[in-house]
Structures are given as structure tokens and as C-alpha cells.
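# Structure at a glance
Given next are the chains, with one letter for each unit.
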Amino acid sequence: MGRYSVFSLMKNALSYHENWQAAWHSPKPKKHYDVIIIGGGGHGLATAYYLAKEHGITNVAVVEKGYLGGGNTARNTTIIRSNYLWDEASQLYELSMKLWEGLSQELNFNVMFSQRGVLNLGHSLQDMRDIARRVNANRLNGIDGEVLGVAEIQKIVPLLNCSPTSRYPVLGASWQPRGGTARHDAVAWGYARAAAAMGVDLIQQCEVSGIRTSAGKVVGVETSQGFIGAPKVGCVVAGNSGVVAAMAGMRLPIESRPLQAMVSEPLKPCLDTVVMSNAVHGYISQSDKGDLVIGAGVDQYNGYGQRGSFHVIEHTMQAICELFPAFSRVRMNRQWGGIVDTCPDACPIVSKTSVQGLFFNCGWGTGGFKATPGSGYVFADTVAHDRPHPLAEAFTIDRFTSGALIDEHGAAGVAH
Ligand code: FAD
Ligand code: PYC
């Protein structure tokens, strides 16, 4: 660190950050916008950013009922990978991966994208057949991936219990070296700051309570800060998608369920990759601060309370202790839940609707953090041009009537 930055660090510490400028302003809503985005999570903010940057549409409001990035964006375990099975899904997640790779530079904001690699463990012969199929499919799509045996896994994660006598012995894994993690709130803040700098209004503490339509077209939204007009409204509200769709008289094929995560006390660096096991139901990485970041499977009931049931925590801790006996005495510091929006095929909806000007981007379920840049990119394009972006064509709502589902349950990485 140079002398100037040491000085400015000390000055700011002593001034309690008093003279810091806000990274974006908090305007009152205007009467009318070209586009309203409901939901100020990562996906909504990324959509606003790409609307402005790629399409020159800057008369945009992001309307958020709480604070920016306070939904699932703030609550996830930040695992990023693009190793999905089917061409349609893997290409969409790979677009996102490529955007992640340049995101800190693009936003001039360090999103702490760390390509530390992701291991998806296999514990049965069927797991290993599925892993081989998925890795082969990925490689045909130009996506990095390898099938690893136990000795190779053990070299990457010496602490992992690979004993053949464990309850579900590790037989192998898929390995995506370009996968990893990023800093969740930095992603929201980076997109927010860059979108606001291009003229986007970020309106917090503003809950949408109704969607106004006229003659089959959207004309605006009712909010806790009054009516705001717009000919285009994009809904990016994750676990609240069913509730917001009902405001327009629509029913989405979405279930909202709690998904939990927890972090431990900080430890010295001991795990420099991401390990996921769908069989024992746990995933783990270590944050730069040293905490173990641990996640679970979804709770088996629908609901909107941002917590979850105790038995899921217990089950997850059993899984982690089985995989990493060395962690069995580590204390957990915090636990929380988010509400994930799951579709029957474990794939998202990025789509126009039967109401002209009304669009939905949802159904990312347990796995949308990794998709944040790609989702925003293709959704902005869909909203701007009133037709699906080529990479979003397979993800319209129509697939639930045509039957063209894309079953990604196997690659979702989280049981649901
Ligand atoms: P959100 O960040 O939830 O944003 C939606 C916003 O809409 C919220 O801020 C909400 O307040 C707002 N909103 C809702 N209703 C209204 C309204 N009526 N008016 C105004 N605003 C409204 N994904 C991964 O890829 N990797 C992971 O490791 C991972 N782990 C996860 C772990 C947990 C515990 C959870 C809960 C999720 C995890 N996910 C993961 C999924 C990921 O978090 C989500 O798919 C993603 O963050 C969704 O982003 P979003 O911007 O769509 O949603
Ligand atoms: O989709 O990779 C994922 C994931 C990991 C944890 C939760 N979701």
C-alpha cells in the first residue's frame, strides 16, 4: 500500500467516513419512466445496467421494497460455475461466467471474483455416470471440466474425508477450474453504482403493490410511494415472483421455498476451493475472511419466512462433518434463510408475458447468483427488443405449455 493510501485510510478512519460521497443517490420516483424494474437484487440491478449500457435506455427506475441487494443476493453462498447439462442452460450460464471474468474491470468495482474451482462430488456409480455425461456435454460446448478420481481430489482438498468406509464414500468428482465465488454485496453495489452513473433511478423502500394494465398493456405500477407509469415493466423479484405475478392476474409455475446457509467463526486458510455434494446435501467454501460458508438443501415446504427449519441445519452439519471430520469442532456464528423461486425443471423463466410490456425474470431458484451478469444481459435485451434474446429463447413461459422443459435438477447442485 502506497503512502497516499495509508494516509487516506487513516484520515477516513478518524473522520468516521463523514465526507464520503454516496455511491448513488436516492431520488423520489418520477411520474413516468421508459422501463421500471421491480426488484433491486443483483439481477434487477444488472438488468438496469445493461439496459443503459447496451441499449441506451437510461430513463429507467429500479424499484426495491427494502434495500438494494438485501434479498437472495445478500443471502447466498456465492458459488459460481457453468457446468450445467443441457446446451441451452450451460450456454446461458457460460455467458454469465464470461461476464464474471471481466466484471470488476467493467464496473470499476472489485466484485472479488475468485476462480478457485468447484468440485461436485460423486458418491455412487450413478453419480459418476451422471458426472461423466455432464462433463462431456460441457466440453462439447467449450466449457472447462474434468472428471477426477479420488487421488486427484485428495490433492486439491487434503482435508476431505475420502475414506472408503464412510457412509457415502467419495468415488470421484466433476471439477470446473474456472468456477469459484464472488463477493455478493459488491456485485449489487457495483451494478448499482454503474447504473446510477448512467442515469438510472434506484428507488429503495418502495414496495410495488399493484401492476396497472389497460387494454392488455402494462401502464405502470402502484407503489408505497404512489403510482409510477411506464410502458415496460420487468419483474425480477425472485422468491416473490408468484405474489407479483398475481398482481397482474397471472399464475407462474413457481414454488417459493426457504433455503438456508450459515457461516462459522473465522479459521486460518484451509480450504481454497469449493466443494459440493448433492448426495449428502452440503456445500462449503472458505471466505477470504476465513469463515466457512456452508449451505443446505431447500426446506420441503412453501413459505416466505426468511429462515428455515432446524432439522435442515442439523442434516447439513452432519454432511459437512462427514466430509470434513476436521471441522466437527468449529463453531457456527450465524445462520439465515432466503426464499428461492423454483420451477418444475429447475431452470429460470426469462420471458415476455401475455400482458404487453410486462416481462418476468425469475425461477433461478437455488442457483441464480452465478447467473447475475448473464441474466441481466439477456433480460435487458429481451425487454429492449420485445423478443427473447437468442440465449433466452428456450426459457420462455411457453415451455410449460409446450412441454419443452429443460431438466437441470441433476446439475442444480442443491436438492429440491
Ligand atoms: P433477490 O436478490 O432476492 O432480489 C429480488 C428483490 O426483489 C429483493 O431485494 C426484494 O426485496 C425485491 N422485491 C420483492 N418483492 C417486491 C415488491 N413487491 N416491490 C419491490 N421490490 C420487491 N445461487 C448461486 O448461483 N450460487 C449459490 O451458491 C447460491 N446459494 C444460495 C444460498 C442461499 C441460502 C439462497 C437463499 C440462495 C442461493 N442461491 C445461490 C440463489 C441466489 O441467491 C438467487 O438465485 C439470486 O441471488 C437471485 O437474485 P435476484 O436478484 O433475482 O433476487
Ligand atoms: O447453484 O451452485 C449452485 C449452488 C450452490 C449453492 C447453492 N446453489
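Data block above holds the structure.
Analysis parameters
Residues numbered from 1 in each chain as written. Chains lettered and ligands numbered in written order. Predicted model: local features only at pLDDT ≥ 70, side-chain atom pairs only at ≥ 80, totals over all residues. Heavy atoms only, no water. Near = heavy atom within 4 Å. Polar contact = N/O pair within 3.5 Å; in protein donor to acceptor, adjacent residues only side chain to side chain. Areas by Shrake-Rupley, 256 points an atom, 1.4 Å probe, with all protein chains shown as cover. Pairing = 2+ DSSP bridges. Helix = DSSP H or I, 4+ residues; strand = E, 2+ residues; numbered from the N terminus. Axes fitted to C-alpha atoms, helices over the stretch in contact; angles between N-to-C directions. Contact = heavy atoms within 4.5 Å. Buried < 20%, exposed > 50% of the residue type's maximum accessible area, 1.4 Å probe, protein only. Phe/Tyr/Trp six-rings, centres within 6.5 Å; stacked < 30°, edge-to-face > 60°. Lys NZ or Arg CZ within 6 Å of the ring centre and 35° of its normal. Parallel < 35°, antiparallel > 145°, perpendicular 65-115°, else oblique. Nonpolar A, V, L, I, M, F, W, Y, C, P; charged D, E, K, R; others polar. Salt bridge = Lys/Arg side-chain N within 4 Å of Asp/Glu carboxyl O.

This next bit is on the site of ligand 2. Around ligand 2, the surrounding shell consists of Thr77, Ile79, Arg81, Tyr84, Met276, Tyr283, Thr366, Gly367, Lys370, Ala412 and Val414. A distance of 2.7 Å separates a nitrogen atom of ligand 2 from a polar atom in the backbone of Thr366. Within the side chain of Lys370, one N or O atom sits 2.5 Å away from an oxygen atom of ligand 2. Here ligand 2 has 240 Å² of accessible area as a free molecule, and 96% of this is covered by the chains.

Close to ligand 1 lie 35 residues, the nearest being Glu64, Asn72, Thr73, Thr77 and Lys370. In the environment of ligand 1, an oxygen atom lies 3.0 Å from a nitrogen or oxygen atom belonging to the backbone of His43. Gly365 is positioned such that a nitrogen or oxygen atom in its backbone is 3.4 Å from an oxygen atom of ligand 1. Contact with the protein chains covers 96% of the free accessible surface of ligand 1, which is 1,000 Å².

The pairing of strands in a sheet happens through backbone hydrogen bonds and is either parallel or antiparallel. An order of 9-10-11 is seen for the three strands of this open sheet, with the pairing classed as antiparallel. Two strands in the sheet have a free side with no partner beyond their single neighbour: strand 9 (208–214) and strand 11 (226–229). Direction aside, the axes of adjacent strands within the sheet are offset by 25° on average. Relative to strand 10 (residues 217–223), strand 9 is paired through six bridges, and the arrangement is antiparallel. Paired with Gly210 across the two strands is Glu222, which belongs to strand 10.

It is worth spelling out the environment of Leu119 at this point. Within the secondary structure, Leu119 is located in strand 4 (residues 118–122). Along the sequence, Leu119 and Tyr283 sit 164 residues apart, while their C-alpha atoms lie 9.6 Å from each other. With sequence-adjacent residues up to four places away left out, Leu119 is seen in contact with Leu148, Ile153, Ile156, Val157, Ala173, Ser174, Trp175, Thr273, Val274, Val275 and Met276.

Among the structural elements, Val221 can be located in strand 10. With a relative accessible area of 0%, Val221 lands in the buried category. For Val221 and Ile320, which are 99 residues apart along the polypeptide, the C-alpha to C-alpha distance reads 45 Å. Not counting residues within four places of it along the chain, the set of residues in contact with Val221 comprises Ile36, Ile38, Val208, Gly210, Ile211, Gly226, Phe227, Ile228 and Val233.

Another point: the packing of aromatic side chains. All told, the structure shown has ten aromatic pairs when counted by the stated rule. Geometrically, the ring pair formed by Tyr84 and Tyr93 is stacked, given 3.9 Å between the ring centres and 5° between the ring planes. Among the residues examined, Tyr93 registers a relative accessible area of 4% and is labelled buried. Here the aromatic rings of Trp100 and Phe369 are separated by 5.4 Å at their centres, their planes lie at 45°, and the arrangement is tilted. With Trp100 in helix 4 (residues 87–107) and Phe369 in the loop between strand 19 (358–362) and helix 10 (372–385), this residue pair connects regions lying 269 residues apart in the sequence. With respect to class, Trp100 is no different from Phe369; both count as buried. Pairwise contacts between aromatic rings join Tyr49, Tyr50, Tyr191 and Tyr377 into one cluster. Above the plane of the ring of Phe227 lies Arg212, whose end atom (NZ or CZ) is 3.8 Å from the centre.

Let us now look at the packing of helix 2 (residues 42–55) against helix 4. With their axes 15 Å apart at the nearest point, helix 2 and helix 4 run at an angle of 75° to one another. Classed by the angle they form, the pair helix 2 and helix 4 counts as roughly perpendicular. Facing helix 2, whose interface residues are Tyr49, Tyr50 and Lys53, helix 4 presents Leu99, Leu103, Glu106 and Leu107. Among the residues making up the contact of helix 2 with helix 4, the classes are represented as five nonpolar, no polar and two charged.

Here the focus is the pattern of salt bridges. Inspection of every chain in the model, using the stated rule, returns 16 salt bridges. Here Arg178 ties to Asp144 by a salt bridge, and the two come within 2.9 Å at their closest N and O atoms. A residue pair is termed long-range when its members are at least 10 positions apart, and Arg178 in the loop between strand 6 (172–176) and strand 7 (180–181) and Asp144 in the loop between helix 5 (125–140) and strand 5 (146–148) qualify at 34 residues. When the shortest N-O distance is used, the salt bridge between Glu322 and Arg167 registers 2.8 Å. One end of the pair, Glu322, is in helix 9 (residues 310–323); the other, Arg167, is in the loop between helix 6 (150–156) and strand 6, and 155 residues separate them in sequence. A relative accessible area of 15% means that Glu322 is categorised as buried. In this structure Arg167 comes out as exposed when scored by relative accessible area, which is 53%.

We now examine the sheet that holds strand 16 (residues 291–298). The eight strands lie next to each other as 5-6-4-14-15-16-13-17, forming an open sheet whose pairing is mixed. In this open sheet, the two strands that pair with only one neighbour each are strand 5 and strand 17 (332–342). Recorded for the sheet is a direction-independent mean angle of 20° between the axes of neighbouring strands. Direction of pairing for strand 4 relative to strand 14 (residues 274–277): parallel, over a ladder of three bridges.

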